[in-house]
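Here's the letter readout for the chains.
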Amino acid sequence: MDSDITHLKDTFEMLPDWEERYRYIIDLGRNLEPLADDERNEASRVRGCMSQVWLVADECDDQKLHFRGDSDAHIVRGLIGVLLMIYSDKTPREIADTDINQIFTDLNLEQHITMNRRNGLYSMVETIENTAQRHLSA
């Protein structure tokens, strides 16, 4: 399994309760790479999220996709951080092969976020997976 995903799971298991896990998630959001103002546009905006969310994919020389993101909500920024640990700096094939449902089950994440945040989270996942599919088809 990918070391970032293993680290994420291990950290979640190590934290004693969901209050601590939320703090960790929010800290991930504080450490996101910044987006330039002009990257916060309609093309990079994720639809289906209650808050404003933007995701940008940069293609690296080694064919991997490097994702960056931002949101106007702290917990959503943290959820972006979680997704970037899972998906960023992977090839489109690795992204397509990621079993996100199993990872969310292992993290017990869905049971601890609201329905609206869950919908937004899956909108972000869909955006990332669609970006990978476009690169696979190219």
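Computed from a predicted model, the values in this text were never measured in an experiment.

Caption draft 1: The arrangement of a negative patch on the surface in detail. Together, Asp 4, Glu 33, Glu 59, Asp 61, Asp 62 and Asp 89 give the surface a local cluster of negative charge. Structurally, Asp 62 can be placed in the loop between strand E1 (53-59) and strand E2 (65-71). You can call Asp 62 partly exposed: its relative accessible area is 45%.

Caption draft 2: Fine view of the layout of surface pockets. For the largest pocket, the calculated volume is near 270 Å³. Every residue lining the largest pocket is counted, 14 residues in all, and those nearest its centre are Ala 43, Ser 44, Leu 55, Thr 127 and Thr 131. Here the element with the most residues in the lining of the largest pocket is helix H6 (residues 115-137); it accounts for 4 residues. Each residue belonging to the lining of the largest pocket can be placed in one class, and the counts come to 6 nonpolar, 4 polar and 4 charged. Computed from the structure, the second largest pocket encloses a volume of approximately 200 Å³. Of all the secondary-structure elements, those providing two or more residues to the lining of the second largest pocket are E2 and helix H3 (74-87). Of the residues that constitute the lining of the second largest pocket, the class distribution is 5 nonpolar, 4 polar and 4 charged.

Caption draft 3: Here's a closer look at the packing of helix H5 (residues 100-107) against H6. For the pair H5 and H6, interaxial distance at closest approach is 12 Å and the crossing angle is 145 degrees. The crossing of H5 and H6 is right-handed. Only Leu 121, Tyr 122, Val 125 and Glu 129 of H6 make contact with H5, whose side of the interface consists of Ile 100, Asn 101 and Phe 104. Classifying every residue of the contact of H5 with H6 by side-chain character gives 5 nonpolar, 1 polar and 1 charged.

Caption draft 4: Structural detail: the pairing of E1. Bridging between E1 and E2 involves 7 bridges; their strand directions are antiparallel. Pairing of Asp 58 across the sheet is with His 66, part of E2. With antiparallel pairing between neighbouring strands as the criterion, E1 and E2 make up a hairpin whose turn holds 5 residues, including Gln 63 at a positive phi of roughly 75 degrees.

Caption draft 5: Inspection of the pattern of salt bridges at higher detail. Tallied over the full model, the rule gives 13 salt bridges. We note a salt bridge from Arg 23 to Glu 19, for which the minimum N-O separation is 2.9 Å. In this pair, Arg 23 and Glu 19 both sit in helix H2 (residues 18-30), 4 residues apart, roughly one turn of the helix. On the accessibility criterion, Arg 23 (41% relative accessible area) is partly exposed. Under the relative-accessibility criterion, Glu 19 is labelled exposed at 54%. Here Asp 70 and Arg 40 are joined by a salt bridge, their closest N and O atoms 2.5 Å apart. With Asp 70 in strand E2 and Arg 40 in the loop between H2 and E1, the pair connects residues that are 30 residues apart, well separated along the chain. Residue Arg 40 is classed as partly exposed on the basis of its relative accessible area, which comes to 28%. Through salt bridges with shared partners, one network takes in Asp 37, Arg 40, Asp 70 and Arg 77.

Parameters at a glance
- Residues numbered from 1 in each chain as written.
- Predicted model: local features only at pLDDT ≥ 70, side-chain atom pairs only at ≥ 80, totals over all residues.
- Heavy atoms only, no water.
- Patch = residues over 30% accessible without salt bridge, like charges linked within 9 Å, V, L, I, M, F, W, Y side chains within 5 Å.
- Areas by Shrake-Rupley, 256 points an atom, 1.4 Å probe, with all protein chains shown as cover.
- Salt bridge = Lys/Arg side-chain N within 4 Å of Asp/Glu carboxyl O.
- Lys, Arg positive; Asp, Glu negative; His and termini not counted.
- Charge placed at Lys NZ, Arg CZ, Asp CG, Glu CD.
- Helix = DSSP H or I, 4+ residues; strand = E, 2+ residues; numbered from the N terminus.
- Buried < 20%, exposed > 50% of the residue type's maximum accessible area, 1.4 Å probe, protein only.
- 1 Å grid on protein atoms, 1.4 Å probe; cavity = no way out; pocket = protein on both sides within 12 Å on 5 of 7 lines; lining within 4 Å.
- Points joined across faces, edges and corners; volume = space filled by probe spheres on them.
- Nonpolar A, V, L, I, M, F, W, Y, C, P; charged D, E, K, R; others polar.
- Axes fitted to C-alpha atoms, helices over the stretch in contact; angles between N-to-C directions.
- Left-handed = near helix turned anticlockwise from the far one by under 90°.
- Contact = heavy atoms within 4.5 Å.
- Pairing = 2+ DSSP bridges.

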